[in-house]
Amino acid sequence: MGDVLAGIHAAWEFESDSVLIRYERGIRTPKLFQALGERRVPLEAIEGVTLTPGKRGSVVLRLEPRPGADPLMEAAAGQLKESSDPYRLVLHAERETLAEYYADELRDRLTESGPAERHLVAAPEAPLQFKAYDGKATFDGTAVAFRWFWTGASSAKWKAGDQRFPIAELGGVEWRSPEVFEGHLRLLRRDTAVPAPAQADQDPAAVVFGLGYGPVHESLPFAAAVLAAVRDCAAVPVMSSPAMASPGAAARRDPADIAERIRHLGELHQAGLVTDEEFSAKKAELLAEL
């Protein structure tokens, strides 16, 4: 079609095989929309289109993505507020006829429905990072790292030390919105032999959210990017090589980072949160990474 339909906070460009959604940047635009910038949604990722009355003299045109087609919506798991739904286009009521025309045009072009076998909408690109209440989470495209904050992390996490999880070791992501009680981001490991602690604040594979920590527009795109990488990794067989199998091929850690971790460990030891044996064992483990 090639036409553009501009609404409140976003504009949709209708192309022959997709809908390009460009989000506005402004004080009133939801921060998640600003973080996403723009998204191209292939028609094969859509199974329906609705047009419904909105609030205060508006109508809402919405695309209904297929389950599993969009890593962002899969990670959100229905927890997004209506106002932050990236598939909604709010228009003034006088544009209802025009919106209905585009809705009908889109419906005529849709041919797929039901769960998608793979992600069809691109995930946010790495590198990504955000600050949670108890640590900083970073994702470079190949691994997720958690670096604990002295002021927020539990003693269980400090004893475990900063964490790094290669994508190949992960099986999924659990995101609980920071806008509800006990919000967190938990990494689900492929190896389930050792069950994860029930509470996210005790789990070294999770970071917890708090007021101003891990907001939706930062933590959800992060979760979506990790989820997409996990799915891509699972779809591609991992080829072993002598270099990968060699113990000497392991990446060396930054000496400054190791020194800071030992310093924090020493503070825990002095505070009585770790025993002499735990301090000695963990210090030796950290020094071995140099």
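All of these numbers come straight from a predicted model, not from anything done at the bench. (Residues numbered from 1 in each chain as written. Predicted model: local features only at pLDDT ≥ 70, side-chain atom pairs only at ≥ 80, totals over all residues. Heavy atoms only, no water.)

Asker: Would you explain the overall build of the chain in this entry?
Answerer: What the chain contains, in helices and strands, is eight helices and 14 strands. Here the chain holds 290 residues, and 42% of them are scored as buried. The contacts in the chain between residues at least 6 apart in sequence include a share of 58% that link residues at least 24 apart. Surface summary for the chain: the accessible area is close to 15,600 Å², and the carbon and sulfur share equals 52%. (Helix = DSSP H or I, 4+ residues; strand = E, 2+ residues; numbered from the N terminus. Buried < 20%, exposed > 50% of the residue type's maximum accessible area, 1.4 Å probe, protein only. Contact = heavy atoms within 4.5 Å. Areas by Shrake-Rupley, 256 points an atom, 1.4 Å probe, with all protein chains shown as cover.)

Asker: What exactly am I supposed to notice about the pattern of salt bridges here?
Answerer: As a working rule, side chains carrying opposite charge can pair if their charged atoms are close by. All chains considered together, the criterion is met by 13 salt bridges. Of the charged contacts in the structure, one is a salt bridge between Arg176 and Glu174, with a shortest N-O distance of 3.6 Å. Taking the relative accessible area as the measure of exposure, Arg176 reaches 33% and is therefore partly exposed. Close ionic contact of Arg186 with Glu174 constitutes a salt bridge, the shortest N to O distance being 3.1 Å. Of this pair, Arg186 sits in strand E13 (residues 184–189) while Glu174 is found in strand E12 (residues 170–176), placing the two residues twelve residues apart along the sequence. Through salt bridges that share partners, Glu174, Arg176, Arg186, Arg189 and Asp203 make up one connected network. (Salt bridge = Lys/Arg side-chain N within 4 Å of Asp/Glu carboxyl O.)

Asker: Which parts of the structure should I look at to understand the layout of surface pockets?
Answerer: Over the atoms rolls a probe the size of a water molecule, and its path tells where empty space is left. Of the voids in this model, the largest pocket is the one considered here, and its volume is about 560 Å³. Taken together, the residues that form the lining of the largest pocket break down as seven nonpolar, eight polar and seven charged. (1 Å grid on protein atoms, 1.4 Å probe; cavity = no way out; pocket = protein on both sides within 12 Å on 5 of 7 lines; lining within 4 Å. Points joined across faces, edges and corners; volume = space filled by probe spheres on them. Nonpolar A, V, L, I, M, F, W, Y, C, P; charged D, E, K, R; others polar.)

Asker: When you look at the packing of aromatic side chains in this model, what are you seeing that I'm missing?
Answerer: Geometry of an aromatic ring pair is reported as the spacing of the ring centres plus the angle between the planes. The tally for this structure, following the rule as stated, stands at eleven aromatic pairs. Arranged with centres 4.5 Å apart and planes meeting at 5°, the rings of Phe14 and Tyr102 form a pair that is stacked. Placement of Phe14 in strand E2 (residues 10–14) and of Tyr102 in helix H3 (residues 96–109) is noted, with a sequence separation of 88 residues between them. Taking the relative accessible area as the measure of exposure, Tyr102 reaches 6% and is therefore buried. Pairing Phe139 with Phe222 gives two aromatic rings, centres 6.3 Å apart and planes at 65°, and the pair type is edge-to-face. Highlighted residues: Phe139 in strand E9 (residues 135–139) and Phe222 in helix H5 (residues 216–235), separated in sequence by 83 residues. Each member of the pair Phe139 and Phe222 is classed as buried. Members of the aromatic cluster, connected to one another through ring pairs, are Trp12, Phe14, Tyr101 and Tyr102. (Phe/Tyr/Trp six-rings, centres within 6.5 Å; stacked < 30°, edge-to-face > 60°.)

Asker: Help me understand the environment of Ala75 in this model?
Answerer: Here Ala75 lies in helix H2 (residues 71–76). Among the residues examined, Ala75 registers a relative accessible area of 8% and is labelled buried. Remark: the alpha-carbon pair of Ala75 and Ala223, spanning 148 residues in sequence, is separated by 6.3 Å. Apart from the residues within four sequence positions on either side, Ala75 is in contact with Trp175, Leu220, Ala223, Ala224 and Leu227.

Asker: Looking at this structure, how should I read unusual backbone geometry?
Answerer: Generally, phi is negative for residues other than glycine and the peptide bonds are trans, each holding for most cases. Residues Ala126 and Pro127 are joined by a peptide bond in cis, for which omega reads 5°. The topology assignment puts Pro127 in the loop between H3 and strand E8 (128–131). Positive phi outside glycine occurs at Ala77, with the angle close to 50°. Within the secondary structure, Ala77 is located in the loop between H2 and strand E7 (88–92).

Asker: It is not clear to me how H5 should be interpreted in this structure. Could you clarify?
Answerer: An α-helical turn contains 3.6 residues, so a residue and the one three or four places further along point in the same direction. The end-to-end C-alpha distance of H5, which contains 20 residues, comes to 28 Å, matching closely the 28 Å that a straight helix rising 1.5 Å per residue would cover. Counting buried residues in H5 gives 14 out of 20 residues, a clear majority hidden from the surface. (Expected span 1.5 Å × (residues − 1).)

Asker: Help me understand the sheet that holds E8 in this model?
Answerer: In any sheet, the strands associate via hydrogen bonds between backbone groups, in a parallel or an antiparallel arrangement. Across the sheet, which stays open at both edges, the four strands sit in the order E8-E9-E10-E11 with antiparallel pairing between neighbours. At either end of the open sheet lies a strand with only one pairing partner, and these are E8 and strand E11 (163–166). Taken over all neighbouring pairs, the strand axes of this sheet differ in orientation by 10° on average, direction set aside. Looking at chain direction, E9 and strand E10 (residues 143–148) are connected through five bridges and run antiparallel. When the sheet's bridge partners are listed, Thr138 is paired in E10 with Ala145. The strands that H5 touches are E8, E9 and E10; relative to E8, the one it contacts most, it runs at about 140°. (Pairing = 2+ DSSP bridges. Axes fitted to C-alpha atoms, helices over the stretch in contact; angles between N-to-C directions.)

Asker: I would appreciate a short explanation of the side chain of Arg186 in the present structure.
Answerer: For Arg186, a relative accessible area of 8% corresponds to the buried category. If sequence neighbours within four positions are ignored, Arg186 has contacts with Gly172, Val173, Glu174, Ala196, Pro197, Ala198, Gln199, Ala200, Asp203, Ala205 and Ala206.

Asker: Explain the sheet that holds strand E14 (residues 206–208) to me, please; I cannot follow it from the model alone.
Answerer: Here three strands make up an open sheet; going across it, the order is E12-E13-E14 and the pairing antiparallel. Unpaired on one side and paired on the other, E12 and E14 mark the two borders of the sheet. Taking the axes of each pair of neighbouring strands and ignoring which way they run, one obtains an average angle of 15° across the sheet. Where E12 and E13 come together, six bridges link them in antiparallel fashion. Each residue of the ladder has a partner; that of Leu170, found in E13, is Arg189. Across the face of the sheet, H5 comes into contact with E12 and E13 while running at roughly 160° to E12.

Taken by themselves, the reported measurements are silent on function.
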